[in-house]
Structure formats: C-alpha cells, structure tokens
Amino acid sequence: MTITEVAIRRPLLITVIFSSLILFGLLSFNALNYNLLPKFEANVITIITVYRGASAEEVQNTVTKKMEDAVSSLEGLDKVLSTSQEGASIVQLMLKASTNVDRAQQNAQRKIDQIRSQLPDGIDNPIINKFSSDETPVLRIGVTASLSPTRLYDLVSDNLKPQIANVAGVGQVNIIGGAKREIKVNVEREKLKAYRIPIGLVAQAVDNANKSFPAGKVEEGETQFPIRFDASFSAVEQLGELVLRQNPDGSKVYLKDVAEIADGSEEQNTINRVNGNPSIGLEVYKQTDANAVDVSKLVRARIARLESAYASQNLKFNIAVDQSTYTLASANAVTHDLIIAVFIVALVMLAFLHSIRSSLFILVALPSSMIPTFIAMYAFGFSLNLMTLLGLSLVVGILVDDSIVVLENIYRHMEMGKDRRRAAVEGRNEIGFTALAITLVDVVVFVPMALITGLIGNILREFALVVVCSTLLSLIVSFTLTPMLASRFGRLEHLSKQTWWSNVNLYVEKLLFWLKFEYGKVLHWSLSRKPLLFGVVIILLAGSFVLIPAGFIGQAFITQGDRGELSIKLETAPQSSIYQTNQIVQQVEKILLNRKEVVNVFTNVGYVSTGSFSASAANSNVAELTVKLVDKKKRDISADDFSAEIKKEILKIPGVKATVNQIHITGQTAEAAIQVAIKGTDMKKIRETAAMIKEIAKDIPGTQDVQFSVKDPKPEIEVKLHRERMAQLGISAADAGNTLQVAFRGVDKSKFRQGGNEYDINITLDKFDKSNINDVKKLAFVNNKGQVFELSQFASISETMGESTLERIDRLNSIKVNAGVLGRPSGSVGADIQKALEKRQ
C-alpha cells in the first residue's frame, strides 16, 4: 500500500498529522529570534593589549612582536596581522577554514599566558576575542541630565548601566565619554627641586599610606574576632597631610607643600555628543542567543522607566542608532513580499485551473509545506532573518509545483471517466516519479550550498536548508494531502457561456490558445532554420562569457544597499589635542545638522572603530560620526550622493581628512573595498612602493579616498641617556624611566574609596610643568646623596618624527594602500588596479 492510498483511506490521520505540524510550526515561529543576517563567525581571533602612554614603536618592539612570536605556532594559523599604535597593540590571527575557532582561542590564551612575564609591567591584561556577527551594538544612546559632569558619570556608571545591563537579552553595555571622578595630585616641579624630593617618592608615599590588609583574627575561648586594618584615605583632605619627609630639625614636608590636590575629573580621552549636545554615550550589545528586536523593545521600556524615576534630574536618553529598526523593517518587507507572492500564485492557479475549489487545493499546499518548516528552523537554531525569509519567498512557487503536477494528472484521470478516489490513486501513482524528480532537482541544487565552508557558507547555510526542508515537505504534501483532498472534494468544471465566471475563464483560455498558437509559429520558423538558430545560440553563449572580462558586468562581494546610515571618520594633524579635534568636529556637526536629510548624529571624538575584525582605536586626533538619514523614500538623494556632497563640504575645513562610508548590512562600517598590501623589511622601500601604488590607484576610474592604512608620522620627544654621566651622578636607567613615567604619564595605582566606590588617585606633574620640550629637560632627579640634577645633565632630549601607527603582516613590516569605490563594482576596479600594476612592473 502506497503512502497515497493510506492518505486516501485514512483522511483523519493525515488531517491530524498536518494540523499538528502546522500548530507546532506556529509555536516554533513565535519562538524564533529576529536578526538581520544569520549568525556567523569568521575564523579570526583578535588580541588587544593596552599599553598606556607608549609610542607606536615601543608597543611594536615590546608587545606586538612578542605576541606574534608566541602565537605563530598555533595549529590552523593562516596569517598574522598586527597593528601597533600609540598606547595599544592589536594582533589578528587569520585561521584556516577548517580550524576550530574556540580551541584556537583557548590555545592562543595559553600561549599569551606563558609569555606574560616577558611583557612590560605597565600593560593591561591582553584581551583575546573571536569575531562574531553579534558584536555589533543593538543600540547607541546618548545620556544627558542636569547634573555636574562627574555626578552624571557616577549616575550612569553606578545606577543606569547596571539596570540596563540587567535587561533580559543584554550582554554588555559600554560607556563612551563622560567625566569620571578622579583625585588629582598635581606636583609642582620647582617645589620638588627646592625640597629635594623625587616625584617617584611622592607616588610611593601615597601608595604606601593608602593600604588595607587582611590582618587575621583573635580567638578568645569559643569566640573569634576578625582584625580589621584599613589605612585608606577617608577624605581628600587627608592626602594633603601626608608626610613625605621628616627633617633632622623636626620639620616636616607634607604632600600639600609640593602639590595641589583637587577632587576633579580625569583628563578626557573621548568626548561623546548626540545631535551636537554633550552627553555620555552608551553602546548596548545583545547576548549571542538573544532576539535583537526584543532586546531593543525591553531596553526602550527600561530607559522610559529610568527617565521617570530620575525626572527630578531631568534625565534624558537620546537613541541615536537602533539596529533593530532596520532589522524589523527588512523582515517586514520580505514578509510583505511573501504575502504578495502567495496572492499572485493563487491568481495564477485560478487562471489555469478555472476552479476556485481546485485552486484552494493547491493553496493548502503552501501553509502545509511552509509553516512546518519553522519546526526545522527552530530545531537547527536558525532565526528569522533576511536569508531565511528570502528562502521562504523564493520557495513559494516551488512549493506548488508538485501539487499542480499531481492534481492535473488526477483531473485527467477523472476526465477519463474514473471516480474521484480511483483517479486520485492512479493519477498520483502515475506521476509520482515525475514529481519526485522535480523536487530532487531543487534539492540537489541547494544542498551543496549548505555544505559550503567559510564566511559564504555561514551566510547561505540557513537560506539553503530552509529551501530544502520546505521543498521536501511540499513533496510529502503532494503525495498525501493533495490526493486526499481531490478524492473527497474534487469536481470537474464544465465551462459554458451562461455565467460571468465561465465567460472570464473562456476568455483566459482564448488568450492562452492564442499564445500557444503564436509560440508554435515562432517554433516552426526556428526549427526550419536550424543553422541560423544554432549560430545565434553560440553567439549569445560566447557573448555571455565575454560580458564580465569586457567590463559590462562588474564584480563585487555584495552590493551596497541604502540603509540610510553613514559613518564619517575624521583625522586631524597627528599632534592635535582632543580639544582641537573637538572644535573641528563641531563644525562638521553643524554642516550635518543643517541638512534636512539628517535625523541623528552620534559623535565620538578621540574614539573610532577600526573595522569589523579588530578592536577600537583611541587617539586624540581622530573622531567618528554615525549619521542616520531619513527613509530613502522621503529624500531626493541617495546615500552615496549624500556622502559625496558632505565629504566635499567637510574637506573645505582646513586641517582635516575625511572618509565617508555607508554602514554595511551587518551594521558595521565597511572596510576599504580595495586593499593592496606591501610588505618587507626595509620601511623606506615599503613607503616608496606604497606611494607609487597610491598614485596608480588614484588614476583608476571609480576609486575614492585612496590612502595609506597607517597614519602620518607625528612629532615626538626622544630621550637618549648618557650612561657614563648617569653612573657618575648615581642615577640608574630604571630611576630615569620611573620618574619620567610618573611625571608625564601619571600613575594611578592608588585608589580613593568613598560610598562603596573607588576613584583613581592620579599623581603627575602639574599641567603647566609638562607643556613643552624644555619641561622635559628640566625634570628634576635626586640621587642617594640628596643631590638634585636635571634630565638634560645626563641625557640628550630632542624632537623627532615618529610613526603613529605600525603594521605587520606575517611578522614583516607592511603598509596597505586602501581605496574606496564609487560608481563601479569593486571587483572591476580591483582588476583594473592589478592590470596597471602589472604594466608598471
């Protein structure tokens, strides 16, 4: 007995089975997450190490190279990329496609731990991350209130951030900008010289006086008394009374005698604004398995309650970027297209079958095949995203193919005079292998797509498996549900001119007959001229292969859409302070906010994301503005054209470099479309070659923003010690380095505790004593004999040009020439650059 005979003889069983599948399919649908794209992980591991105050060259020599050597023996390692910049080292490990990323991350952590003792003492613990599509913030929010900057920061850090982080589905909340409270100990250089006290002694004295220890316990009989020993400062004023030295005559030198002590805020490294208004920025990231749309809704509800709770402080949350809005809009658009596709299929079925009853049989196949697919999606851990919804849209026409073929053959048997039941069984059995072949053709096309490895496979896997599952379900429906319905409710339609419905169907039949007749004439003409037909086909086939090499069809990894979000990255002179950069950024904000197309501008000064596979860079001469435009239906200009116009206006501002890019479909800024890497050992030759390639790339049509991946060299002060003089004066290199570090970078190891919170105590030279190169030369040192010397007496201090960013590829020095693309496919532009380079060689 075939499956069709079972379905016809046991209609209740089939009805219950498919009703259950549809019910569980709907439940699975409600349990699925909304995402813009399928979750994917590139085989990339990033190691980020912060070395505050160190130059790019020092970071490369003392941190980056040692990291590279440590991880170079990792199993499955394909390429090592590194970037050394002022204060930070970023090492990227590109792994082979078959490598287990989690295991490689663990091995990388183990190897870094093994060399931890060889790294400088002043670095933060290296952070090892693997790339994931979930690393894009769901929300970017600006927080404002009628509070002082330090009180607002404490409110955000201690109260608001924990409550937002506690929202279901939120994985991480980052704070950008703001004025964090800090106890400043600004030491005056001349007073130190007068009292003959080295600045290192000041830092050591503060650290020693601000301690707490677990002192044990006292046991008295059966009672225990823990000993609490806490010598931490309980008030800022106590710092000033700290004794630095007691002289033989009984007089004392207090900290307040040589330093100004202030309860203020730390020096800002980043500044955040929303629509030109000063704020503290918050970036909200979701958990890996969380629903981006639900997370956004819950966070919005939470911040609404927080605004009500802190209404007296006039607390406001300004949501500048909400990735879930675009995700939901894209999903709704595809769902809308899916509904239209179903409606059109119904009309086509009605036009060809001439029967509402028969058309309903076919339409039953759609939900019966599509809705149970959600069960498979839930079981495989898929989400509702562009790829899965596009797969469902694509498969609408495929799902009815099998049922149409089966139903048409059943009706043919009914026209032969057979009863409905017999016609259903014999009609399906006769056409069964044909329907099976139709289905398997689709399956064998899409199954290999699900087996592709790498980034493309991660993106296409869900799309392919959704198509395969729904197509196989449509085959089962055509073998069971469709014959069962035909055996119970099938009826032959006899068309006559007596009703309007019959007249409409007869008119459609007439059109189809005319189309068939005309097609027959064309076919007869073609077959009577076989050589001509064969020649035309060969020419068209050959021409199709020529289209890509000839440049008529371009090449690109993915077409850049218009989601109405831009990223503007600004760079000022290398030596610019954050306040100078901020002034220029404010001019750019005015340009943007005066445009009617702009909805929101989220500004970060001193902070810029460096790409999807790396960390974020903090430098005083950079800034990033995330711009949200109105919907493309409400503006007369595309995002690309708007970018070009804004860039022209920005470049009119003196002393600024600008790069304007659309936000990628993943929610991150797209990297340069074209990258040409030059690597070697001689930096001079590398720079010369890079300059030559840059000029070639500029001349290629379609390129824009052609620039080096490394930043321009910046002035720096170089200190070269004279060892013999140091030995004579009784000063060691460690003393010199420690004193320079405390004086100009500052030290904040000691903490001030108040109200359950900790605040840094930053000890450094007064701002007026570290403003130029002469202040470095006049830095005071005290030897063991109490003699005072200046740095210039045992060192040469000069101003030189140093690299602000250094890059390496596979442990060789490198520079990349990056180029954006406008108006042409990136693959075509890249091919033109390659040809130009080959001619130059």
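All figures in this text were calculated on a predicted structure; none of them were measured in a lab.

S.K.: Please explain the overall build of the protein as it appears in this structure.
M.R.: A tally of helices and strands in the protein yields 27 helices and 29 strands. Here the protein has a C-alpha radius of gyration of 36 Å; the compact-globule value for 841 residues is 28 Å, and the former is much larger. Sorting the 841 residues of the protein into buried and exposed places 45% on the buried side. Pairs at least 24 apart in sequence give 76% of the contacts found in the protein among residues at least 6 apart. Carbon and sulfur atoms make up 55% of the accessible area of the protein, which amounts to about 42900 Å² in all. Across the protein, the centroid of the 93 positively charged side chains sits 5 Å from that of the 87 negatively charged ones.

S.K.: Explain the pattern of salt bridges to me, please; I cannot follow it from the model alone.
M.R.: Oppositely charged side chains may form a pair once their charged atoms are brought near each other. Applying the stated criterion across every chain yields a total of 27 salt bridges. Notably, a salt bridge pairs Glu188 with Lys191, separated by 3.5 Å at the nearest N-O pair. On the basis of relative accessible area, Lys191 is assigned to the partly exposed category, the value being 33%. Arg189 serves as the salt-bridge partner of Glu190, at 3.4 Å between the closest nitrogen and oxygen. Three or more residues are tied together by salt bridges with common partners; here these are Arg595, Glu597, Glu645 and Glu649.

S.K.: Which parts of the structure should I look at to understand the pairing of strand S2 (residues 77-85)?
M.R.: The two faces of a sheet get side chains in turn, since along a regular strand they alternate between them. Within S2, seven of the nine residues are buried, leaving the element largely enclosed by the surrounding structure. Taking the residues between adjacent antiparallel strands as the criterion, S2 and strand S3 (residues 88-95) are bridged by two residues, where Gly87 takes a positive phi near 90°. Where S2 meets strand S28 (residues 805-809), five bridges bridge the pair, whose relative direction is antiparallel. By the bridge assignment, Leu81 is partnered in S28 with Ile809.

S.K.: Explain the confidence of the model for the protein to me, please; I cannot follow it from the model alone.
M.R.: Reading fine detail from the predicted coordinates is not recommended where pLDDT is low. Mean pLDDT over the protein works out to 84, with 95% of the residues at or above the 70 mark. Ignoring residues within four places in sequence, the model shows residues 610-617, a span with pLDDT below 50, making 26 contacts including any to other chains.

S.K.: What is the right way to read helix H21 (residues 578-593) from this model?
M.R.: Think of an α-helix as turning once every 3.6 residues; residues three or four places apart then point the same way. Look at H21: 22 Å from first C-alpha to last across 16 residues, which is about the 22 Å you get at 1.5 Å a residue. Turning to H21, its buried residues are Ile578, Thr581, Asn582, Ile584, Val585, Val588, Glu589, Ile591 and Leu592. Summarising the axial view, the buried residues of H21 lie within an arc of 165°, below the 170-degree limit, and thus occupy one face. Every exposed residue of H21 that faces more than 90 degrees away from the buried side is listed here: Gln583 and Lys590.

S.K.: Quick question: what am I supposed to make of the sheet that holds strand S12 (residues 259-265) here?
M.R.: Two pairing modes exist for strands in a sheet, parallel and antiparallel, and in both the strands are linked by backbone hydrogen bonds. Reading across the sheet, the four strands line up as S12-S7-S24-S23 and stay open at both edges, with mixed pairing between neighbours. Looking at the sheet topology across the chains shown, the edges are occupied by S12 and strand S23 (751-754). Within this sheet the neighbouring strands show an average axis-to-axis angle of 25°, counted without direction. Relative to S12, strand S7 (residues 181-187) is paired through seven bridges, and the arrangement is antiparallel. Note that in S12 the partner of Arg181 across the bridge is Ser265.

S.K.: Help me understand the pairing of strand S10 (residues 243-246) in this model?
M.R.: Direction of pairing for S10 relative to strand S11 (residues 252-254): antiparallel, over a ladder of three bridges. Across the sheet, Val243 pairs through a bridge with Tyr254, a residue of S11. Joining the antiparallel neighbours S10 and S11 is a turn of five residues, in which Gly250 adopts a positive phi near 95°.

S.K.: Just to check I follow, could you spell out the environment of Phe233 for this structure?
M.R.: Mapped onto the elements, Phe233 comes out in the loop between strand S9 (223-230) and helix H8 (237-240). On the accessibility criterion, Phe233 (8% relative accessible area) is buried. Here the alpha-carbon distance between Phe233 and Ala486, two residues 253 residues apart in the chain, equals 88 Å. What Phe233 contacts, discounting residues up to four positions off in sequence, is Val206, Ala209, Asn210, Gln238, Leu239, Phe752, Arg753 and Ile761.

S.K.: Would you explain a nonpolar patch on the surface in this entry?
M.R.: Taken together, the side chains of Ile340, Phe343, Ile344, Leu347, Val348 and Phe352 make up a nonpolar region of the molecular surface, amounting to roughly 560 Å² of accessible area. Residue placement: Ile340 occurs in helix H11 (residues 323-353).

S.K.: I would appreciate a short explanation of the packing of helix H16 (residues 420-450) against helix H18 (residues 481-489) in the present structure.
M.R.: Describing two packed helices takes the angle between their axes plus the distance from one axis to the other. Axis separation between H16 and H18 bottoms out at 7 Å; the angle between their running directions is 155°. In terms of orientation, H16 and H18 fall into the roughly antiparallel class. Crossing handedness for the pair H16 and H18: right-handed. Within the contact between the two elements, H16 uses Arg420, Arg421, Ala424 and Arg428 and H18 uses Pro483, Ala486, Ser487, Arg488 and Phe489. Its residues assigned to classes, the contact of H16 with H18 comprises four nonpolar, one polar and four charged.

S.K.: So what exactly am I meant to see when it comes to the packing of aromatic side chains here?
M.R.: Both the distance between ring centres and the angle between the ring planes are used here to describe each pair of aromatic rings. Using the criterion set out here, one finds four aromatic pairs in the structure. Plain terms: the ring middles of Phe380 and Phe382 are 5.6 Å apart, the flat faces sit at 40° to each other, and that makes the pair tilted. If you follow Arg181 out to its NZ or CZ, it ends over the ring of Tyr759, 4.6 Å from the centre. In this structure, Lys694 packs its charged tip against the face of Phe708, placed 4.8 Å from the ring centre.

S.K.: Which parts of the structure should I look at to understand unusual backbone geometry?
M.R.: Outside of glycine, negative phi angles account for most residues, and trans bonds account for most peptide bonds. Phi at Arg196 is positive, roughly 55°, even though this residue is not glycine. With respect to the helices and strands, the residue Arg196 is situated in the loop between helix H6 (189-195) and helix H7 (199-209). Even without being a glycine, Arg811 presents a positive backbone phi close to 65°. Examined against the element boundaries, Arg811 turns out to sit in the loop between S28 and strand S29 (812-821).

Thresholds applied
Residues numbered from 1 in each chain as written. Predicted model: local features only at pLDDT ≥ 70, side-chain atom pairs only at ≥ 80, totals over all residues. Heavy atoms only, no water. Helix = DSSP H or I, 4+ residues; strand = E, 2+ residues; numbered from the N terminus. Rg over C-alpha atoms; globule rule 2.2 N^0.38 Å. Buried < 20%, exposed > 50% of the residue type's maximum accessible area, 1.4 Å probe, protein only. Contact = heavy atoms within 4.5 Å. Areas by Shrake-Rupley, 256 points an atom, 1.4 Å probe, with all protein chains shown as cover. Lys, Arg positive; Asp, Glu negative; His and termini not counted. Charge placed at Lys NZ, Arg CZ, Asp CG, Glu CD. Salt bridge = Lys/Arg side-chain N within 4 Å of Asp/Glu carboxyl O. Pairing = 2+ DSSP bridges. pLDDT = per-residue confidence, 0-100. Expected span 1.5 Å × (residues − 1). Arc of directions from axis to C-beta. Axes fitted to C-alpha atoms, helices over the stretch in contact; angles between N-to-C directions. Patch = residues over 30% accessible without salt bridge, like charges linked within 9 Å, V, L, I, M, F, W, Y side chains within 5 Å. Parallel < 35°, antiparallel > 145°, perpendicular 65-115°, else oblique. Left-handed = near helix turned anticlockwise from the far one by under 90°. Nonpolar A, V, L, I, M, F, W, Y, C, P; charged D, E, K, R; others polar. Phe/Tyr/Trp six-rings, centres within 6.5 Å; stacked < 30°, edge-to-face > 60°. Lys NZ or Arg CZ within 6 Å of the ring centre and 35° of its normal.

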